[in-house]
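Residue-level structure breakdown
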Amino acid sequence: MSLLDWFADRRKTAPLMRAAPENDEGDGLWSKCPECAEVVYRKDLLANASVCSACGHHHRIDSEERLRLLMDPDSFVESDAGLSPTDPLTFKDRRAYADRIRDSQKSTGMRDAVVCGIGRLEGFSLAVAVMDFRFMGGSMGSVVGEKLTRLIETATAKRLPVLVVCASGGARMQEGMLSLMQMAKVSGALERHRSQELLYIPLLTHPTTGGVTASFAMLGDLILAEPKALIGFAGRRVIEQTLREKLPDDFQTAEYIQDHGFVDAIVPRTKLRSTMASLLELHGQVA
């Protein structure tokens, strides 16, 4: 019996459990907060940047909504939108990688897990990349790495600051070493950007893990995070088994990471736009 078949048998015999949805939308008019169970009118939730007004829980949002909240209206121009992943290793587990790509593209309307481009935020020109967790967990494959690298190189040539909104499970295993190479490629582009004394800010959202955390997510001049975002490299179980000790319950939250010096500021989503504008102005950008 193969290892995949063994896991499949275990799933068949395991008790059936239903995961709670991120948003309990009901008829589409109302939304239930998974943190405090507050039921709010969905239009009110969206008007508050998808942040629960009762407890401050930040609901997960997609790249389109993120850009709408951040950028000035009609200012964002997407770049390299036509890049699409291939299947260089002809990878297959229980399903072919090519099939997983097609399914993600169909369900999200995206080519891959990041949207890149240049626009304006409160009048300030800015190169922006937004990762989207809906597309295969925001995993970083060759296309994600290539789009980020091209955006950073364009920003360097045009002397623009860069903002990368991170939301990822890490490197995409279906592309093997090719996905891991993106860590070095993007980091190299950021070093050339830094050498020109240009600003780079990563925003760590829920979740930011794996190879993304191990590379460009932690290379910012200023590292921002959303409240209670999960931030880490390996999972809790792996770390506890390696260290052979129990870790605090909150050890991979944005608040814990900030207390230990890995995050500069935790910024609520409702204040992110004004905070970014202030940072750009302090850095000497001209609107």
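This text follows the structure it describes.
Residues numbered from 1 in each chain as written. Predicted model: local features only at pLDDT ≥ 70, side-chain atom pairs only at ≥ 80, totals over all residues. Heavy atoms only, no water.

**As for the side chain of T149**
The condition that has to hold: Strands are runs of DSSP state E lasting at least 2 residues, helices are runs of H or I lasting at least 4, and numbering of each runs from the N terminus. Note on contacts: a residue pair is in contact if any heavy atoms of the two residues lie within 4.5 Å.
Within the secondary structure layout, T149 lies in helix 5 (residues 142–158). If we skip the residues at most four places from it in the chain, T149 touches K185, V186 and A189.

**Here's the deal with the pattern of salt bridges**
Selection rule: The term salt bridge refers to a side-chain nitrogen of Lys or Arg lying within 4 Å of a carboxyl oxygen of Asp or Glu. A simple rule labels every residue: compare its accessible area, found with a 1.4 Å probe on the protein chains alone, to the largest value its type can have, and call it buried under 20%, exposed over 50%, or partly exposed in between.
Taken as a whole and assessed by the stated rule, the structure comprises 19 salt bridges. The closest approach of N and O atoms between R269 and E226, which form a salt bridge, is 2.9 Å. Note that R269 is positioned in helix 10 (residues 269–282) and E226 in the loop between strand 8 (224–225) and helix 8 (236–243), a separation of 43 residues in sequence. The burial state of R269 is the same as that of E226; both residues are buried. Connected through shared salt-bridge partners, D80, E146, R150 and K185 make up one network.

**Regarding helix 10**
Convention followed: Given a helix with a known number of residues, its expected span is that number minus one, times 1.5 Å.
Between its first and last C-alpha atoms helix 10 spans 20 Å; for 14 residues at 1.5 Å apiece the expected length is 20 Å, and the two agree. Looking at the residues trailing helix 10, positive phi occurs at G284, about 95 degrees.

**A short note on the pairing of strand 4 (residues 114–121)**
Which entries qualify depends on this criterion: What makes two strands pair is DSSP finding at least two bridges between them.
Of all the 8 residues making up strand 4, 6 are buried; the element is thus mostly covered by neighbouring parts of the structure. Where strand 3 (residues 77–78) meets strand 4, 2 bridges bridge the pair, whose relative direction is antiparallel. Each bridged residue has a counterpart across the sheet, and for E78 the counterpart in strand 4 is G117. Examined bridge by bridge, strand 4 and strand 5 (residues 124–131) share 8 bridges and lie antiparallel to one another. Its bridge partner lying in strand 5, R120 is registered against S125. Where strand 4 hands over to strand 5, the hairpin turn is made up of 2 residues, of which E122 adopts a positive phi near 50 degrees.

**Regarding the environment of P207**
Tracing the backbone through its elements, the reader meets P207 in strand 7 (residues 200–208). Along the sequence, P207 and L243 sit 36 residues apart, while their C-alpha atoms lie 23 Å from each other. Apart from the residues lying within four places of it in its own chain, the contact partners of P207 are R60, F133, A167, S168 and L230.

**Thoughts on the environment of S215**
The condition is simple: Pairs of N or O atoms are called polar contacts if they sit within 3.5 Å, as long as, within protein, a hydrogen donor faces a hydrogen acceptor (for residues adjacent in sequence, only side-chain-to-side-chain pairs).
Structurally, S215 is set in the loop between helix 7 (210–213) and strand 8. Reaching out from S215, the side chain makes a polar contact with the backbone oxygen of G211 at a distance of 2.7 Å.

**Remarks on a nonpolar patch on the surface**
The criterion, for reference: Patches here: salt-bridge-free residues with over 30% relative accessible area, like charges joined within 9 Å, nonpolar side chains (Val, Leu, Ile, Met, Phe, Trp, Tyr) joined within 5 Å. Only the protein chains shown count as cover for residues, and the accessible areas themselves come from Shrake-Rupley with a 1.4 Å probe.
A surface patch of nonpolar side chains, amounting to about 470 Å² of accessible area, comprises L89, M177, L178, L180 and M181. Assignment of secondary structure puts L180 in helix 6 (residues 177–195). We classify L180 as partly exposed; its relative accessible area is 43%.

**Regarding the packing of helix 3 (residues 63–70) against helix 10**
Selection rule: To define axes, lines are fitted to C-alpha atoms, for helices over the stretch in contact only, and angles between the resulting N-to-C directions are given on a 0 to 180 degree scale. By the definition adopted for this analysis, an angle is roughly parallel if under 35 degrees, roughly antiparallel if over 145, roughly perpendicular if from 65 to 115, and oblique otherwise. Here the nonpolar group is Ala, Val, Leu, Ile, Met, Phe, Trp, Tyr, Cys and Pro; Asp, Glu, Lys and Arg are the charged ones; every other residue, Gly included, is treated as polar.
Across the interface, helix 3 lies against helix 10 with an axial gap of 9 Å and an inter-helix angle of 50 degrees. Relative to helix 10, the element helix 3 lies oblique. Between helix 3, through R66, L69 and L70, and helix 10, the contact on the second element is made entirely by R269, L272 and R273. Grouping the amino acids of the contact of helix 3 with helix 10 by side-chain chemistry returns 3 nonpolar, no polar and 3 charged.

**As for the sheet that holds strand 5**
Spatially, 7 strands are ordered 3-4-5-6-7-8-9 in an open sheet, and the strand pairing comes out mixed. In the strand order of this sheet, the two ends are held by strand 3 and strand 9 (265–266), each with one partner. By the bridge criterion, 2 bridges tie strand 7 to strand 8 in an arrangement that is parallel. Bridged to L203 within strand 8 is L224. Along the sheet, helix 5 contacts strand 3, strand 4, strand 5 and strand 6 (162–168); its crossing angle with strand 4, the most-contacted strand, is approximately 25 degrees. Helix-sheet contacts for helix 10 involve strand 4, strand 5, strand 6, strand 7 and strand 8, and the interaxial angle to strand 5 is about 130 degrees.

Purely geometric stuff here, so don't read any function into it on its own.
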